[in-house]
Amino acid sequence: MTVATPAQASIWEPAHAAGLPAYVYDLVGLDAHAAAVREALGDVELYYAVKANPDPELLRALAPHVDGFEVSSGGELAHVRGLFPGVAVALGGPGKTDGELFADVTRLHIESPTELRRLLAPGRPADVLLRVNLDVPIDGASLAMGGGATPFGMDPQGIAECVRLLEKQDVVRLRGVHAHLASGLDAPRLLELAAVVLDYARGLGATEINLGGGMAVSYADPEALFDWRSYGEGLARLRRPGEVLRIEPGRALTVYCGRYVTRVIDVKRVHGELFAVVAGGTHHLRTPATKGHDQPLAGRGRVAGEPVTIVGQLCTPKDVLARDVPVRLEVGDVIEFAMAGAYAWNISHHDFLMHPKPAFHYIREAV
Ligand SMILES: Cc1ncc(COP(=O)(O)O)c(C=O)c1O
């Protein structure tokens, strides 16, 4: 699979150095990556979870490779519809407003019996999947949305209540089951969960099953890509004739195409430890602070040096992008952080301290 990984040469053009900090999105790499994922999935439908990164240029690059988009708010829905008016959209997420619940979408993921009662009240047609949260062990996930008491989806009692409500009418159509139990799982673990979800869905007579997203990415080992080939083969083995299987990955599609590029402003030693202060910081790239990891550096040719902690310009000790990185950094050096294409700019607290926003650059041609 062709993706921008740290082993590859810099994708930054020095001519742009004045415009730092910046996000650089490799649309060529994204196109190749999405095509490879699509190919590995065979007949399984692929929706992209827009919450991972809603950048219009990324969505345009993904559109030819996906069957639709998964959105979690009216804002994401309007954004996607504005770009692709006729595209298939699945709307999910807890706490839907009336505007979201009664929006015209391809599939609506129901999160609770109360939500379903509100949907049924006016007697307007809709096509729904019931979101199930099964009580199964979720080992090794970076984020668990299911497998126990969480506000996401319904336990089997909640689902049974919904089925009873739906059986009493024929305006809102029950299309099947949705499950997004966790994020950050490898292919074997996701296949084990898929088998459990499919078993449960078949017990309800469902033939359309959305297995969610959650395919793992590793910030500690950016070269370790999710095994789409074996996942696609595994789903093909699990799928029975007549069943529609769908997935809705976010991070594993877009994380590799983005880099956050910035410049070193200061290098200082405090109580014996070395710090490099860069322009920008976690108000642009909040991911390492949120997830508690070191954002990997990209680009070849760095000279090894004393471990240095790379921090941003914010007045908080949480503004750390990477700790104890064994490279030599000097004032004026341009550095690139890899794996900044998902849950990066769009989850960051942009306005804290009112620093300037980053620039955005798009690589549209193979270099
Ligand atoms: C319902 C749902 N689907 C899909 C995703 C995408 O997950 P990931 O980016 O881990 O693939 C999420 C993420 O939170 C989600 O909540």
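These numbers come from a predicted model, not from an experiment. (Residues numbered from 1 in each chain as written. Predicted model: local features only at pLDDT ≥ 70, side-chain atom pairs only at ≥ 80, totals over all residues.)

A. Layout of the nonpolar core. Within the largest apolar cluster, 94 residues are counted, with the highest numbers of intra-cluster contacts made by L62, L130 and V197. For this core, the element with the highest residue contribution is helix α7 (residues 187-203), accounting for six residues. Per-domain counts for this core show at least three residues from each of domain 1 (88-249) and domain 2 (256-363). Discounting chain neighbours no more than four positions away, the residues touching L62 are L30, A34, Y48 and L253. (Core = buried A, V, L, I, M, F, W, Y, C linked by C-beta atoms within 7 Å. Buried ≥ 20, exposed ≤ 12 C-beta atoms within 10 Å, placed from the backbone. Helix = DSSP H or I, 4+ residues; strand = E, 2+ residues; numbered from the N terminus. Domains from an automatic or database assignment. Contact = placed C-beta atoms within 7 Å.)

B. Here's a closer look at the environment of S230. Relative to the helices and strands, S230 is located in helix α8 (residues 228-238). Considering only alpha carbons, one finds S230 and R246, 16 residues apart in sequence, at a separation of 16 Å.

C. Local environment of the environment of Y219. Inspection of the secondary structure assignment puts Y219 in the loop between β10 (208-210) and α8. Look at Y219 and you get partly exposed, because 18 C-beta atoms sit within 10 Å. Separated by 72 residues in sequence, Y219 and K291 place their C-alpha atoms 9.8 Å apart. When sequence neighbours within four positions are dropped, the list of residues in contact with Y219 reads H293, Q295, P296 and M339.

D. Quick peek at unusual backbone geometry. Along the chain, L20 connects to P21 via a cis peptide bond; the corresponding omega equals 0 degrees. Of note, P21 is situated in the segment before β1 (22-26). One non-glycine residue, M339, lies in the positive phi region at around 55 degrees. Along the polypeptide, M339 turns up in the loop between β17 (334-337) and β18 (359-363).

E. Structural context of the site of the ligand. Not every one of the 17 residues close to the ligand is listed here, only the nearest: A49, H180, S183, G213 and G250. Tallied by class, residues from the shell around the ligand come to six nonpolar, seven polar and four charged. (Near = placed C-beta within 6 Å. Nonpolar A, V, L, I, M, F, W, Y, C, P; charged D, E, K, R; others polar.)

F. The arrangement of the packing of helix α1 (residues 27-41) against α8 in detail. Interaxial distance between α1 and α8 falls to 7 Å at its minimum, and their mutual angle equals 30 degrees. Put simply, α1 runs roughly parallel to α8. In this structure, α1 meets α8 at a crossing whose hand is right-handed. Residues A36, V37, A40 and L41 of α1 form the contact with α8, whose participating residues are W228, R229 and G232. (Axes fitted to C-alpha atoms, helices over the stretch in contact; angles between N-to-C directions. Parallel < 35°, antiparallel > 145°, perpendicular 65-115°, else oblique. Left-handed = near helix turned anticlockwise from the far one by under 90°.)

G. Structural context of the sheet that holds strand β4 (residues 89-91). Reading around the circumference, β2-β3-β4-β5-β6-β8-β10-β11 is the order of the eight strands in this closed barrel, with parallel pairing throughout. Adjacent strand axes in the sheet meet at a mean angle of 30 degrees, parallel and antiparallel pairs treated alike. The pairing of strand β8 (residues 172-178) with β10 spans three bridges and is classified as parallel. Directly across from V177, in β10, lies its bridge partner I209. (Pairing = 2+ DSSP bridges.)

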